[in-house]
Amino acid sequence: MSSQYPANVQVAYILSLGVHTEFRKHGIASLLLDNLLSHVTSPENQNCKAVYLHVLTTNTVAIRFYEKRNFLRHSFLPYYYSIKAGHQDGFSYVLYINGGQAPITIVYPLYHIRCTL
């Protein structure tokens with residue numbers, strides 16, 4: 001997080017969110033994500049200012065899922081994943097919550113634009 005926040009500020013990280021193919025399109029992923037967001041935005045967790053995750057650049061279904069829920073593409077991560085002895089690119093995404101916001105710098109908006117191209 002930006003240095004503009006106190007040291008006790010926390011972030012959440014979604015390590016993995018997946019639903020077996022057979023059970024997709026039943027709202028399970030939405031229920032899981034909504035439950036997490038409800039928890040991290042509760043009154044006792046107001047010091048959590050962002051939720052981060054990583055996704056393969058080729059996983060368009062997941063990208064649409066997160067973007068539909070207001071996650072913003074944060075950065076491009078070349079060769080982030082090692083899958084089947086090969087390397088694949090990823091994106092990091094962020095959802096600012098509880099008054100959290102992107103660092104305010106001259107460079108950050110330009111960096112964000114470059115990541116979305």
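Anyway, here's the lowdown on the structure attached to this text. Fair warning: this is a prediction, and the values are worked out from it, not measured in the lab.

### Looking at the overall build of the protein chain
Secondary structure assignment for the protein chain yields 3 helices and 4 strands. Each of the 117 residues in the protein chain was classed as buried or not, and the buried ones make up 36%. Residue pairs in contact within the protein chain that sit at least 24 positions apart in sequence constitute 63% of those at least 6 positions apart. With the model as given, the accessible surface of the protein chain reaches about 7,900 Å², and the carbon-plus-sulfur share is 59%.

### Digging into a nonpolar patch on the surface
Nonpolar side chains collect at one region of the surface, where Y13, L15 and Y80 lie side by side and expose about 360 Å² of accessible area between them. Of note, Y13 is situated in strand β1 (residues 10-14). Residue Y13 is classed as partly exposed on the basis of its relative accessible area, which comes to 42%.

### Comments concerning the pattern of salt bridges
For the coordinates displayed, the defined rule picks out 1 salt bridge. Among the salt bridges present, the one from R73 reaches E67, with a minimum N-O distance of 3.6 Å.

### A closer look at the environment of R24
Tracing the sequence through the fold places R24 in the loop between β1 and α1 (28-40). A relative accessible area of 48% places R24 in the partly exposed class. In terms of polar contacts, R24 uses its side chain to reach the backbone carbonyl oxygen of V19, at 2.7 Å.

### With respect to unusual backbone geometry
Backbone geometry at N70 places phi at a positive 75°, although glycine is not the residue there. Turning to its location among the elements, N70 is positioned in the loop between α2 (60-68) and β3 (72-83). The backbone of N98 shows a phi angle near 50°, a positive value even though the residue is not glycine. Within the element layout of this structure, N98 appears in the loop between β4 (86-96) and α3 (107-116). Owing to a relative accessible area of 17%, N98 belongs among the buried residues under this scheme.

### Quick notes on the pairing of β4
Within a regular strand, side chains alternate between the sheet's two faces. Note: strand β2 (residues 48-56) against β4, 7 bridges, orientation antiparallel. Bridge pairing in β4 links Y52 to V94. The sheet contact formed by β3 and β4 spans 8 bridges and is antiparallel. Its bridge partner lying in β4, S82 is registered against H87. From the end of β3 to the start of β4, which pair antiparallel, there are 2 residues, and K84 there has a positive phi angle of about 50°.

### Comments concerning the side chain of S30
With respect to the helices, strands and loops of the structure, S30 is situated in helix α1. Judged by relative accessible area, S30 falls into the buried class, the value being 17%. For S30, the residues in contact, after removing those within four places along its chain, are F65 and R69.

Cut-off values and rules
Residues numbered from 1 in each chain as written. Predicted model: local features only at pLDDT ≥ 70, side-chain atom pairs only at ≥ 80, totals over all residues. Heavy atoms only, no water. Helix = DSSP H or I, 4+ residues; strand = E, 2+ residues; numbered from the N terminus. Buried < 20%, exposed > 50% of the residue type's maximum accessible area, 1.4 Å probe, protein only. Contact = heavy atoms within 4.5 Å. Areas by Shrake-Rupley, 256 points an atom, 1.4 Å probe, with all protein chains shown as cover. Patch = residues over 30% accessible without salt bridge, like charges linked within 9 Å, V, L, I, M, F, W, Y side chains within 5 Å. Salt bridge = Lys/Arg side-chain N within 4 Å of Asp/Glu carboxyl O. Polar contact = N/O pair within 3.5 Å; in protein donor to acceptor, adjacent residues only side chain to side chain. Pairing = 2+ DSSP bridges.

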